[in-house]
Amino acid sequence: MVQFHALALLYEIKSHDRLAISKMVTQLARGPISSPCAACLLIRYISSSLAGWRGESTASSVERAAYQYLELSLKDRSEAVIFEAAKALCSMPGADDRDLGPAVASLQLFLSSPKPPLRLAAMRALSRVSTARPAALVKCNDDMEALISDSNRSVATFAITTLLKTGSESSVDRLMKQISSFMTEISDDFKVVVVTAIRELCLKYPPKHQVLIGFLANFLREEGGFEFKSAIVDAIVVLMHAVADTKETSLFHLCEFIEDCEFTALSTQILHLVGSLGPATRAPARYIRFIYNRIILENSAIRAAAVSALAKFAVRVPALRSSIKVLLHSSLRDEDDEVRDRATLALRFLGGDLSSCMQRPDHESNLRSPTEEVSESCAVADAPHSTLSVDMLFKPLPLSFVELAGALRQYEKVHGADNEDAILSYSTLPIADAVASTKRVEVPSRSGLKPESNCTAFYKIPEIATLGPILRSTASAPLTESETEYVVSYVKHILEHHLVLEFSVMNTIQDQVLQDAHVVLDSPSDVYQITTILRASSISCGETGTCWVALQRSGTIPDSVGIQFEAQLKFSVVEVDAASGELLGDEDGFQEEYPLEDVELNIDDFIEMAIVEDFRRGWTHVETEEVIRKYALQFKDVRSAVNAIAKCLGMQLDQPSEESFDDSVAMHNFNFYGIYVSGIPVYARAQLHKQNDMFILKLAVRCEVREISTLLADSVN
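Computed from a prediction, not measured in an experiment: that's the story for all the values here.

## Regarding the overall build of the protein
- Each helix and strand in the protein was counted, giving 28 helices and 17 strands.
- Split into buried and exposed, the 717 residues of the protein put 46% on the buried side.
- Considering only residue pairs separated by 6 or more positions, the protein has 64% of its internal contacts joining residues 24 or more positions apart.
- Within the structure as shown, the protein displays about 36700 Å² of accessible surface, and the carbon and sulfur contribution to it stands at 51%.

This is the structure:
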């Protein structure tokens, strides 16, 4: 233990000096360390420091010495040292399959260990490797299959999910049989992990969709909690959009599920999906029975969703319209006002005669139902209404509620609230900004950022719309030069537990069409795991296609930023005639790869500019100790220096005056304010002192979470 404590103390002393750390690691790697605890600690220090050394002048020699020490540690007598070395090698940046070989071999031996902790640790490490490099674990498949029946359910779950990533297409049927008996013995939390792995396997091997979708559908009808059933429904929905052949089969499975579904949220979600996709199927009439059963048997929320779904079928399938109108008439006497209103509105737009269904026998004429009150205030149309009316019922508004409210206020100012001659329609409404204008000083803003338009495109995509609300969207940033043959830019959407990257790809080559264009990312960190990749089906010359990558975030605040993803655009090139557009070569084209700039994730991506009413009061109320840094900045004037600081921090300059930018004054003080995406306020004070041709910056940052303060203070470079 003496070596362990000595090494920990030595590292703390030198932790702020990278050169000293590299020398210490190099020296200790050459000399023997007898204590297993000290050896494990040294390996962890090496693993955490390798990412920081990458790209520096000493990186190659340090990495070489570190790799040699880690490989030598795989032969240590201590199982703990062997595991730490193997784990470090697997997470080593830039390691290829050949470098991973010794580490994987050591972990494979642990799979047959009689000690459950060793088996669990080895399986967890191999599971992480399988996410990025499944081919490196193929030789472990036999050992992992033996662990499916392990008495420790955590080990068995890791074995199953890893096998689903590393297995071949021919092994899918055998794996599904083994998982069937396994699923009944584990908790819902583990079941969700297995469902996610099956979804990724189906995306990897689309021809096996019948087996995999059937497996998910079977367990959808078994006992299980909301999270488990929701994970299966989400997986099926993703596969419906990714694999076109599964659409009708999956839709029918979901319809059978809502026949005995106890979760209102899932039933309404599925009814909405059936209403959107069902009318376009080969036999849309087969879904009417499932929808109408919900009106008869379910609660008010589900009945309302079923009425809307029936109305969508009536609009898009004229052959079923008359029959559906009869079904909708039965909902006019529903006890719930939401159901009645939806049925009334749908029938009015469809041209239904509401008065006919309200006729009662004479002895009931004195009884008034809520539906009669609705019908009295609603004009009855004898002919179907225009397409515009139907679009208003089933399509989203052309502007947000905030924009609509602002436009109505401006309309009232121009025409007056009591002007009966004024015509009110979307075309006559004035254009209003979504947010009221606020007087701001000209500081670097995130120009080009229009979160409203980005969010609109985001929520139209079912595969990612269910990930949650967007907390922040960044400005578009280029990944290529504007003169290249393929021009690529991207926008980062920050969510609570996910990061969604939106890539815009423009094709500038006249005789080529890009098909199945998508961006592949390679992350050096395990904090972000890719969950969804959406492709642009076809991009002709002069057109811009959009592809998406969704990543799940599992790390803490410091681990979530300062990460660079290596990016590559992959697509199929189909040659066409530039004049006529006719196909010249093979319709499948040939595969092509195009390197892109790295996708960077910085702390300012998580900070939203905001205005604070009382900066001084907020600053003093933060109890966490401030983080202070000093920098030397090369700028000609104060305004340029302040603009650069605000850009690095991603924060709003707080109420400066023009006198604040006077270059004749030697000392300047500025305040900055912003909000972290989780709603945490962040305060910063900058003191600029001019010396000759440079400025000395003293920056102090305060935030309730000290890690955020440290990251912001270190971001000025």
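Now that the structure has been shown, the text picks up again.
## Thoughts on helix α27 (residues 638-649)
- Between the first and last C-alpha of α27 there are 17 Å, a value that for 12 residues agrees with the 16 Å anticipated at 1.5 Å per step.
- When we look at burial in α27, the residues that qualify are Val638, Ala641, Val642, Ile645, Ala646 and Leu649. Down the axis of α27, the buried side of the element spans an arc of 130°, and every buried residue falls inside it.
- Capping the start of α27 is the job of one residue whose side-chain oxygen sits 3.2 Å from the backbone nitrogen of Arg639: Asp637.

## Observations concerning unusual backbone geometry
- At Asp516, a residue that is not glycine, the phi angle is positive and equals roughly 50°.
- Look at Asp516 and you get partly exposed, because its relative accessible area is 39%.

## Details of the pairing of strand β8 (residues 544-553)
- Burial analysis of β8 places 7 of its 10 residues in the buried class, which makes it a mostly covered element.
- Strand direction decides the pairing type here: strand β4 (residues 498-507) and β8, joined by 9 bridges, are antiparallel. Across the sheet, residue Glu502 finds its bridge partner in β8, namely Trp548.
- Of the strand pairs in this sheet, strand β6 (residues 528-534) and β8 are connected by 6 bridges, and their pairing is antiparallel. Paired with Ile533 across the strands is Val549, a residue of β8.

## Here we look at the packing of aromatic side chains
- One pass over the full model with this rule turns up 13 aromatic pairs.
- Between Phe458 and Trp548 the ring centres are 6.2 Å apart and the planes differ by 70°, which places this aromatic pair in the edge-to-face class. Separated by 90 residues along the polypeptide, Phe458 in helix α23 (residues 451-459) and Trp548 in strand β8 bring together distant segments of the chain. For the pair formed by Phe458 and Trp548, the shared burial category is buried.
- Grouping aromatic residues by their ring pairs yields a cluster made of Phe615, Trp619, Tyr673 and Tyr683.
- Here Lys191 stacks its cationic end above the ring of Phe228, 5.1 Å away from the centre of that ring.
- The positively charged end of Arg639 is found above the aromatic ring belonging to Phe661, 4.1 Å away from the centroid.

## Digging into the packing of helix α18 (residues 321-329) against helix α19 (residues 337-350)
- Where α18 meets α19, the axes come as close as 10 Å, and the angle between the chain directions of the two elements is 150°. By the angle between their axes, α18 is roughly antiparallel relative to α19. Crossing handedness for the pair α18 and α19: left-handed. Residue-level inspection shows Arg321, Lys325, Leu328 and His329 of α18 in contact with α19, the latter providing Ala343, Ala346, Leu347 and Leu350.
- Of the residues contributing to the contact of α18 with α19, the split by class is 5 nonpolar, 1 polar and 2 charged.

## Re the packing of helix α17 (residues 300-316) against α18
- It is the contact of α17 with α18, at a shortest axis distance of 8 Å, that shows an interaxial angle of 160°. As summarised for this structure, α17 and α18 are arranged roughly antiparallel, according to the angle between their axes. Considering the relative orientation of α17 and α18, their crossing is left-handed. Residues Val307, Leu310, Phe313, Ala314 and Val315 of α17 lie in contact with α18, whose contacting residues are Arg321, Ile324, Leu327 and Leu328.
- Here the residues of the contact of α17 with α18 are counted per class, giving 8 nonpolar, no polar and 1 charged.

## A closer look at the pattern of salt bridges
- Tallied over the entire structure, the rule returns 16 salt bridges.
- A salt bridge links Arg472 to Glu608; the nearest nitrogen and oxygen atoms lie 3.4 Å apart. Remark: Glu608 occurs in strand β12 (residues 607-609) and Arg472 occurs in strand β1 (residues 472-473); sequence separation between them is 136 residues.
- Through salt bridges with shared partners, a single ionic network connects Glu259, Arg294 and Glu298.

## So, the state of the cysteines
- Taken as a whole, this structure holds 0 disulfides when the rule is applied.
- With no disulfide of its own, Cys40 lies closest to Cys37 among cysteine sulfurs, the gap being 6.6 Å.
- On the basis of relative accessibility, which here comes to 12%, the residue Cys40 falls in the buried class.

## With respect to helix α14 (residues 247-258)
- With 12 residues, α14 should cover 16 Å at 1.5 Å per step; its first-to-last C-alpha distance of 17 Å lies within 8% of that length.
- Residues Glu248, Ser250, Leu251, His253, Leu254, Cys255, Phe257 and Ile258 constitute the buried set of α14.
- In this structure, the buried residues of α14 make contact with α12 (209-220), α13 (226-242), α15 (264-277) and α16 (288-297).

What counts as what
- Residues numbered from 1 in each chain as written.
- Predicted model: local features only at pLDDT ≥ 70, side-chain atom pairs only at ≥ 80, totals over all residues.
- Heavy atoms only, no water.
- Helix = DSSP H or I, 4+ residues; strand = E, 2+ residues; numbered from the N terminus.
- Buried < 20%, exposed > 50% of the residue type's maximum accessible area, 1.4 Å probe, protein only.
- Contact = heavy atoms within 4.5 Å.
- Areas by Shrake-Rupley, 256 points an atom, 1.4 Å probe, with all protein chains shown as cover.
- Expected span 1.5 Å × (residues − 1).
- Arc of directions from axis to C-beta.
- Polar contact = N/O pair within 3.5 Å; in protein donor to acceptor, adjacent residues only side chain to side chain.
- Pairing = 2+ DSSP bridges.
- Phe/Tyr/Trp six-rings, centres within 6.5 Å; stacked < 30°, edge-to-face > 60°.
- Lys NZ or Arg CZ within 6 Å of the ring centre and 35° of its normal.
- Axes fitted to C-alpha atoms, helices over the stretch in contact; angles between N-to-C directions.
- Parallel < 35°, antiparallel > 145°, perpendicular 65-115°, else oblique.
- Left-handed = near helix turned anticlockwise from the far one by under 90°.
- Nonpolar A, V, L, I, M, F, W, Y, C, P; charged D, E, K, R; others polar.
- Salt bridge = Lys/Arg side-chain N within 4 Å of Asp/Glu carboxyl O.
- Disulfide = S-S within 2.5 Å.

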